[in-house]
Amino acid sequence: MIKNKMKNPLVAKIAKVSKHPYATFIYFGLATVVLLLLQMFTPLIKYSFVGALAQTMCYAIVAVGFSYLLGYAGLSSLGTAGFVGLGSYITVYMLRTYSGMNYFVVMLIVLVVSIIIGLIVGFISLRIEGIFLAIVTLGLSEVFYQVFMNATEFTGGSNGTSFTGEVNIFPGISLGREGVFIMIAVFLTAMIIMTFNLVNSPTGRAMLAMKNSTSAAQAMGISLLKYRLLAFILATIYAAIAGSLLMTFNKYTDPKSWTIMFSLNILAACLLGGTRSIWGIFIGTFFVFGLTPMFLNDIVFLRNNPWLLSTIIGVVLILVLMFYKGGLMQLLHDIKKFVNNKISKRREFKYGKDEI
Amino acid sequence: MEKMKSNSKINTLASKIEQLKHKLDLNKALVELEQSKLDDVRKSKVDSFKFKLSKNLLKLERESIPAEELFNVENQKNFVKFDKKLDLEYRAKRQTLRRDENLVDKQNNVTGELSSKAQAELVAFKGELDAKKIAHVEALRAKFKQLQEPKTTQELAQAVSAYEKAQSEADDAAKAFDLELIAKHNEKIEGYKAKVDVKITAMQKGYDESKSELNALQKEDQKSQYQLADDTILKLEHLTMQFGGLKAVNDLSFEVKKGEIFGLIGPNGAGKTTVFNCITQFYKPTSGDVWYKDAKDQVHYLNDYVVHNVIRYGIVRTFQNVEVIAELSILENLLIAAHTQYKTSIFAQMINSPHLKREEILLRRKAQKILKYLKLDDIQDVPPVGMPYGVLKKIELARTLMAGANLIILDEPAAGLNDQETLELAEIIKDIKNEYKVTIFLVEHDMGLVMDICDHICAISFGSKLAYGTPSEIQSNKKVQEAYLGSED
């Protein structure tokens, strides 16, 4: 053995940092920005692809927020669309009325309003559980829809509303389309890191305890109302922020985007991917929201028959929920196991079971 | 109620004291945590220092090693790899030979011996492979420079002495560097310790002050307050619980003494679990009072408390049909029980603040200690799914210990256990009582267990008290026998 043959400690350090749990999230954020750069400087990626990607990223924020409710606190809500719409409309109203306003101030207003409304709604509705909560929030979603339709001065009614110009984030710095895309990537990364921290903290564990056994949770000193409310408000905040970010990218919104259909799609995305895994939720969101505009619309046959796409997604959803309760994440896990099994079987066939 | 007002004042002070105590504990562990952090830093620094020196040393070391040895050392990995490759070739050949003679079934199991002809072929193949190996080594040797130009013994001795000198110098330098760092870090730690000590003394002073204030308040309060006898920890007075027309518990009164194992028995449907639920406030009693004295000798009127606050005063319960969290590991199940011991805010949890990390480390250590005590430490990272009932019951027990219980309430701990497990459980319960100085209150069907471990027993039937006494008294009680076996007429 040669004693002085050492590995550079710097290499070990870099390897350690790159294995930090945050690292994968940051790589993901960087990967999206790389896609944007590819679109800007090469013909490899289409203009519309980046638009669809930004939209899907915003929806991923909504879905990650929704996982607090569905995956951790064990609650089901169908009011998501209303809160995303709320974030969008507040943003567009502010940016249209006070043009050139700092976007972070707008976001702060969105945050405060969504927290207040989330608190009120939560206090009223979280005393009920299960399917009844879903029905109450369904009604809530409808209330939001009607407000968006009829408060024409604020929302522009069924024609929708828009704003023009760039988004100011600091005095002197305003973002165009690309800037807003990078902002969305940064927000997404920051929010999934925050989610990762929170679900692995005492709060996340308390929510899981509540989902598994309310009586054990109570006996261990976990206040059901407090943590249900917390999960609900977190979901609300994520939804409103996602709505606001989406608005800065699309610059246009109308009530038809924020119907019960959207809430159901978010629910489907969460269930499809696996309610407790951040990557699972990303996969689910991509499947439900991103796949069609990013890739499948390029296929002429599918573009001419849009019903086929919805049918395929519906069938996949049914199959996954029937056979893989843990979502696509569990499916991937099983596939990995299957492949490993196959490889070892092949090895056995070729070389025999006995070693040497 | 007058009683309640004074109580709430004391409660706020008590919770303040609890927080101070928590901070104090955290700060006391600070120095140790800082030390381990600095140790890590020192290790990595020394490593990079050694790495810097090693570049030169490596050259000298290579020169000091005899050529033959150097060749073997340098090519070790290559040899291993080549051997593996040859081995696979051999196995593949053997498998094809077997398959030719139909000696392999569908599950790839070998069903018989190779014929002598095939064996001879295999031996020949092995010889081929050996030749291959020799050729490979020869090729490598031809390429190896040091072997082509062998050194004289004198040269070698010179190289060795040069290397040894350089190596010892480098070792000394590394050691000196290490010592220097240790001195530096010790200084740092001393400074840190002094800083923390100042903080701790200030905190301790605040803590003592608030405590004496609390004591004075309590003393004054106790005069006006409801009094429990010195050795009583729990007292039920005329407890009644009514569900519609059904009286599940009817005018039940008894006392539990401090530090004993108390059993509540009764036939099926006698209302035992309802009594538990009334004590832990899962049900609000229709009438009657539940008094409890905590570890700080403060009397609580439990009827006024919300269900999730009961644990804060040291009352922890288990469940008849085991309520463990299947989606968390066993260690995390224990951390759930420590939920009230976390003091960080939700914002600190979002950014995983250093304060939270420290808390997490300390509570994980505590949990590991308890798991070790109950011999569950080898499965601590596994979720409690599909485990035997005995293990699940132990997890629930561990949870009560983790919560820092003063009064442990066990709802049918032996239900679903076999005789062996029940015996083990009895030992554990007795042991816990002595080790952790807690009072244990249990409901049980298994008469053997109850009679074996309980100090006092209360027997109930249809929600009313039948008898109270020591196990032997209960055993000879006529009414109890009638309730269990039916009357003789």
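Residues numbered from 1 in each chain as written. Chains lettered and ligands numbered in written order. Predicted model: local features only at pLDDT ≥ 70, side-chain atom pairs only at ≥ 80, totals over all residues. Heavy atoms only, no water.

### Describing the overall build of chain A
Argument step 1. The number of helices and strands found in chain A is 16 helices and four strands.
Argument step 2. Projected onto its principal axes, the C-alpha coordinates of chain A cover approximately 80 × 60 × 50 Å.
Argument step 3. Per-residue burial over chain A gives 50% buried out of 356 residues.
Argument step 4. Expressed as a percentage of contacts within chain A between residues at least 6 apart in sequence, the contacts between residues at least 24 apart total 76%.
Argument step 5. Taking the 27 positively charged and 11 negatively charged side chains of chain A as two groups, their mean positions are separated by 11 Å. (Helix = DSSP H or I, 4+ residues; strand = E, 2+ residues; numbered from the N terminus. Buried < 20%, exposed > 50% of the residue type's maximum accessible area, 1.4 Å probe, protein only. Contact = heavy atoms within 4.5 Å. Lys, Arg positive; Asp, Glu negative; His and termini not counted. Charge placed at Lys NZ, Arg CZ, Asp CG, Glu CD.)

### Things to note about the sheet that holds strand S6 (residues 315-317) of chain B
Residues and elements named next belong to chain B.
Argument step 1. With respect to topology, six strands assemble into an open sheet ordered S6-S7-S8-S3-S9-S10, the strand pairing being mixed. On the outer flanks of this sheet lie S6 and strand S10 (464-469), each paired with one strand and no other. When strand polarity is set aside, the average angle formed by the axes of neighbouring strands in this sheet is 15°.
Argument step 2. Of the strand pairs in this sheet, strand S7 (residues 407-411) and strand S8 (residues 439-443) are connected by five bridges, and their pairing is parallel. What sits directly across from Ile-409, in S8, is Phe-441.
Argument step 3. Sitting on the sheet, helix H12 (residues 419-436) is in contact with strand S3 (261-265), S7 and S8, with an inclination near 150° to S8. (Pairing = 2+ DSSP bridges. Axes fitted to C-alpha atoms, helices over the stretch in contact; angles between N-to-C directions.)

### A word on the packing of aromatic side chains
Argument step 1. With the rule as written, the count across this model stands at 33 aromatic pairs over all chains.
Argument step 2. Here Phe262(A) and Phe289(A) contribute two aromatic rings whose centre-to-centre distance is 5.8 Å and whose plane-to-plane angle is 45°, an arrangement assigned as tilted. Here Phe289(A) lies in helix H13 (residues 278-294) and Phe262(A) lies in helix H12 (residues 260-273), a separation of 27 residues in the sequence.
Argument step 3. By relative accessible area, Phe289(A) is classed as buried at 13%.
Argument step 4. Ring geometry for Phe71(B) against Phe79(B): centres 6.0 Å apart, planes inclined by 70°, an arrangement best described as edge-to-face. (Phe/Tyr/Trp six-rings, centres within 6.5 Å; stacked < 30°, edge-to-face > 60°.)

### Side note on the packing of helix H11 (residues 389-402) of chain B against H12(B)
Residues and elements named next belong to chain B.
Argument step 1. Taken N-terminus to C-terminus, the directions of H11 and H12 make an angle of 10°; their axes are 11 Å apart at the nearest point. The angle between H11 and H12 places the two elements in the roughly parallel class. Between H11, through Gly-390, Lys-394, Leu-397 and Leu-401, and H12, the contact on the second element is made entirely by Glu-421, Glu-424, Leu-425, Ile-428, Ile-432 and Tyr-436.
Argument step 2. Taken together, the residues of the contact of H11 with H12 break down into six nonpolar, one polar and three charged. (Parallel < 35°, antiparallel > 145°, perpendicular 65-115°, else oblique. Nonpolar A, V, L, I, M, F, W, Y, C, P; charged D, E, K, R; others polar.)

### Things to note about the interface of chain A and chain B
Argument step 1. On the chain B side, the residues contacting the 46 residues of chain A number 56 residues.
Argument step 2. Summing both sides of the interface, chain A and chain B together bury roughly 4600 Å²; the carbon and sulfur share of this comes to 58%.
Argument step 3. The largest per-residue losses of area from chain A upon contact with chain B belong to Asn4(A), Arg205(A) and Met220(A), which jointly make up 17% of the total buried on that side.
Argument step 4. Counting across the chain A and chain B interface gives twelve residue pairs in polar contact (both at pLDDT 80 or more). (Buried area = accessible area lost by both parts, 1.4 Å probe. Polar contact = N/O pair within 3.5 Å; in protein donor to acceptor, adjacent residues only side chain to side chain.)

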